[in-house]
Structure formats: C-alpha cells, structure tokens
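# What the coordinates show
Spelled out from the first residue to the last, the chains are:
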Amino acid sequence: LAKTTQPISMDSYEGQEVNITCSHNNIATNDYITWYQQFPSQGPRFIIQGYKTKVTNEVASLFIPADRKSSTLSLPRVSLSDTAVYYCLVGVLNYGGSQGNLIFGKGTKLSVKP
Amino acid sequence: GAGVSQSPSNKVTEKGKDVELRCDPISGHTALYWYRQSLGQGLEFLIYFQGNSAPDKSGLPSDRFSAERTGGSVSTLTIQRTQQEDSAVYLCASSLGGGSRTQYFGPGTRLLVL
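Residue positions are counted from 1 within each chain, in the order its sequence is given. By the order in which they are written, chains take letters starting at A while ligands take numbers starting at 1. Only residues with pLDDT of at least 70 are given local features in this predicted model, and only at 80 or more are side-chain atom pairs given and counted; all residues enter the totals for whole chains, interfaces and linings. Heavy atoms throughout the structure, all of them, feed into the side-chain values; hydrogens and water do not.

Here the focus is the sheet that holds strand β6 (residues 65–69) of chain B. Residue and element names in this part refer to chain B. Pairing between strands is defined by DSSP: at least two bridges between the two strands are required. We count a stretch as a helix when DSSP gives it H or I for four or more residues in a row; a strand needs E for two or more, and each element gets its number in order from the N terminus. Ordered in space as β1-β3-β7-β6, the four strands form an open sheet in which the pairing is antiparallel. Edge positions in the sheet fall to β1 (5–7) and β6, since each has one partner strand and no second. Across this sheet, the average inter-strand angle for adjacent strands is 15°, counted without regard to direction. The pairing of β1 with strand β3 (residues 19–24) spans three bridges and is classified as antiparallel. Looking across to β3, one finds that Q6 is bridged to C23. Axes, fitted as lines to C-alpha atoms, cover a helix only where it is in contact. Angles between the N-to-C directions of the axes lie from 0 to 180 degrees.

All names here are of chain B. Among the secondary structure elements, G3 is positioned in the segment before β1. What makes G3 partly exposed here is its relative accessible area of 44%. In this structure, G3 is in contact with D24 and I26, ignoring residues within four places of it in sequence. Burial here depends on accessible area, computed with a 1.4 Å probe over protein chains only, as a share of the maximum for the residue type. Under 20% is buried, over 50% is exposed, and the range in between is partly exposed. By definition in these notes, contact holds between two residues if any of their heavy atoms fall within 4.5 Å.

Low-pLDDT stretches of the model should not have their predicted coordinates read in fine detail. Taken residue by residue, chain A gives an average pLDDT of 88. The fraction at 70 or more is 89%. What pLDDT conveys is the predictor's confidence in a given residue, as a value from 0 to 100. Low confidence marks residues 95–100 of chain A, where pLDDT is under 50. Its contacts with residues over four positions away, or in another chain, come to 12 contacts.

Here the focus is the pairing of strand β6 (residues 61–64) of chain A. All names here are of chain A. Sheet topology note: the strand β5 (residues 53–56)/β6 ladder contains four bridges and is antiparallel. Counterpart to V55 in the pairing with β6 is L62. Taking the residues between adjacent antiparallel strands as the criterion, β5 and β6 are bridged by four residues. With three bridges connecting them, β6 and strand β7 (residues 70–75) associate as antiparallel partners. When the sheet's bridge partners are listed, L62 is paired in β7 with L73. In this antiparallel pair of consecutive strands, β6 and β7, the connection spans five residues, and R68 shows a positive phi of 60°.

Written out as structure tokens, the structure is:
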C-alpha cells in the first residue's frame, strides 16, 4: 500500500484558493488517488478521485502530474464551512477482491479564517 | 436512500466490561470497514469485509477485538474486557467494492471507558 505524506495543517482566509499537496512516491500503476473531507464529530466524506491529469467536480479540482508521485487538491474560494481535515489516500480500484483496504493518515487540518 | 447507520451513538462503560457496536451498511454494498479514531488523530483501520471473502483483520489491535458480518449485511464489532485506551470514536463505512471505491461513513459510535 502506497504511503502518503501531506502537511499537518494549513491556514487560509475566506475567498482564497487553497491547494493541499500530497506526496505518494511509491504509488503503483493501478492505484487511484482519493481525497476525503472530515468535519468535527462526523465521519469522512468523499470529495474527489482521479488517476492522472486533472479531475474537476462541483466541490474541488484534483491535479495529478505525469509521474503521479504527488497530487494537489484545489479548493476554490474557500469559506468558513470548508474548515475540516482533508485526507489523501492511494489504493487500487478493486472490484471485489479480498484485498483493498485504504490507509487514512492524520490528514491536513485546514482552518479558514474570516 | 438510507446511509450507513451505527448504534449506539454513544456508549459509556466500565473498564473490564464487554461492548458490542453495530453497523448497518448501505443496502447492496459488498464491502464494509471498521475504523477507530482517537481524539485529534487520523483514522486507524481495524477490519475489512468484502463479500464472501475472508475478512482482513490485519488492523485489529489485540485479540480483545473481534467483528462479524452476518448475511453479508449487518456487522458487529465486539470489544472484550475494555480498557481505558479503547476510548475512541468507532466508525463504520461501506462501499460497492473494496480498494478505492468510494466509502460511505456512518456517524460513528463514541465509546468512553471509565
């Protein structure tokens, strides 16, 4: 299982764009990159997933360079409600095999200030 | 549709007692995960069920911890002879498959061992 490294914490202000970078130097060919968001007293929630290049949805964008050894979650124009912990995970997209758990690290604690 | 549900939402017990935590996954999800999250920490993987395959128990911290999944649906996590260090939030998640398939988390059970 590929290990990920991301900053422990980040601070931002409302309206700014926030970029959180995750390193995963030993990512495997079949691994996907997934980001989750966790608010206090709640379980994590899926944000975005990608394999290469760029993925965008209504919440965020995910940038993955050609070597896939890192990825960047981009949150446009953050608000106070984006204050949360963001987890980066890598793992195989498995359709039913016996292996396939993902490792959640400590994540990045994002604090958005007014 | 209904999401992942967990019960009880809170549990206070005395050291040495046994506790059972229940998880009802989303209907049709073949994969089910249990995690533990201590205060201010990331998620610690405990156990993973996928269809009829043997569960991945590699994350269980000791033989006091066990889990079952009956009929491929409801799961019960049992902690025997609880210790104070078992105090944490226990989160359950389910997904359509293993690996990087999107995991949907329940609200968690807050366990406090006195």
